[in-house]
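Inside the fold
Spelled out from the first residue to the last, the chains are:
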Amino acid sequence: MWIVYISIAIVVIAIIMLGVSIVRTLKTTKPVINRMNEQVESIQGRMNKLTDESSQLQATQQEIQKDIEFKKDSITMTVEEAKDLPRSIKSLFRNMKA
């Protein structure tokens, strides 16, 4: 009968030791987990900033592309008009002679 009581006492002591071990582990890991969470938040903040800057760069790039396209069209139209200028002058002189 004493063996049963000793076995029960050993199981109870083992459960108590397990509880103490769990509490110690939690106390030890809590600062590490908090520090990791702070690091993740910091990285997330930087990622958000990079995303915002990337969006701004894309918007600026689109504006520059539109501006280049507008200027290209303007120059092309000017060149076409310049090419057509001699014909217009000849036509003007013909009309003045007539």
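Worth saying up front: this structure is predicted, and the values here are computed from it rather than measured.

**Side note on the overall build of the chain**
Counting its regular elements, the chain contains 1 helix and 0 strands. Rg of the C-alpha trace for the chain: 41 Å, well past the compact-globule value of 13 Å for 98 residues, more than 25% over. Dimensions of the chain, computed from the C-alpha atoms along their principal axes, are close to 140 × 25 × 10 Å. When the accessible surface of the chain is summed, it comes to about 9,500 Å², and 66% of that surface belongs to carbon and sulfur atoms. Each charge sign in the chain was given a centre, from 14 positive and 11 negative side chains, and these centres are 5 Å apart.

**Quick notes on the pattern of salt bridges**
Applying the stated criterion across every chain, the model contains 3 salt bridges. Close ionic contact of Glu69 with Lys72 constitutes a salt bridge, the shortest N to O distance being 3.9 Å. With Glu69 and Lys72 both in helix H1 (residues 2-97) and 3 residues apart, the pair spans about one turn of that helix.

**Notes on the environment of Ile89**
Considering the arrangement of structural elements, one finds Ile89 in helix H1. A sequence separation of 12 residues divides Ile89 from Met77, and the C-alpha atoms of the two residues are 18 Å apart.

**Some words on H1**
The first and last C-alpha atoms of H1 sit 138 Å apart over 96 residues, in line with the 142 Å expected at 1.5 Å per residue. Maximal helix bending in H1 amounts to about 40°, located at Leu85; proline Pro86 follows within four positions.

**Quick notes on the environment of Asp73**
Among the secondary structure elements, Asp73 is positioned in helix H1. The class for Asp73 is partly exposed, based on a relative accessible area of 44%. The spatial distance from the C-alpha of Asp73 to the C-alpha of Met96 is 33 Å, given a sequence separation of 23 residues.

**Details of a nonpolar patch on the surface**
Residues Met1, Trp2, Val4, Tyr5, Ile6, Ile8, Ile10, Val12, Ile16 and Val20 make up a contiguous nonpolar surface patch of about 1,100 Å² in total accessible area. Considering the arrangement of structural elements, one finds Ile16 in helix H1. Classification of Ile16 as exposed rests on a relative accessible area of 52%.

**Remarks on the environment of Met47**
Structurally, Met47 is set in helix H1. In this structure, the C-alpha to C-alpha distance between Met47 and Ile3, residues 44 residues apart in sequence, is 63 Å.

Calculation rules
Each residue is numbered by its place in its chain's sequence as written, counting from 1. Given that this is a predicted model, residues contribute local features only at a pLDDT of at least 70 and side-chain atom pairs are listed and counted only at 80 or more, while totals for whole chains, interfaces and linings are drawn from all residues. Only hydrogens and water are set aside when side-chain values are computed; all heavy atoms of the structure are taken into account. Starting at the N terminus, helices and strands are each numbered in turn, a helix being any DSSP run of H or I of at least four residues and a strand any DSSP run of E of at least two. Throughout, the radius of gyration refers to the C-alpha atoms, and the reference size of a globule is 2.2 Å times the residue count to the power 0.38. The protein chains shown are the only cover counted for residues, whose accessible areas, like all others here, come from Shrake-Rupley with a 1.4 Å probe. Only four residue types enter the tally: Lys and Arg on the positive side, Asp and Glu on the negative side, with His and both chain ends excluded. Where a charge sits is defined by one atom per residue type, namely NZ (Lys), CZ (Arg), CG (Asp) or CD (Glu). We count a salt bridge whenever a side-chain nitrogen from Lys or Arg sits within 4 Å of a carboxyl oxygen from Asp or Glu. Expected span of a helix: the number of residues minus one, times 1.5 Å. We define the bend at any residue as the angle between the axes fitted to the seven residues before and including it, ending there, and the seven starting there. Note on classification: 1.4 Å probe, protein chains only; a residue is buried when its accessible area is under 20% of the maximum for its type, exposed when over 50%, partly exposed between these limits. The patches described consist of residues with a relative accessible area above 30% and no salt bridge, like charges being joined within 9 Å and nonpolar side chains (Val, Leu, Ile, Met, Phe, Trp, Tyr) within 5 Å.

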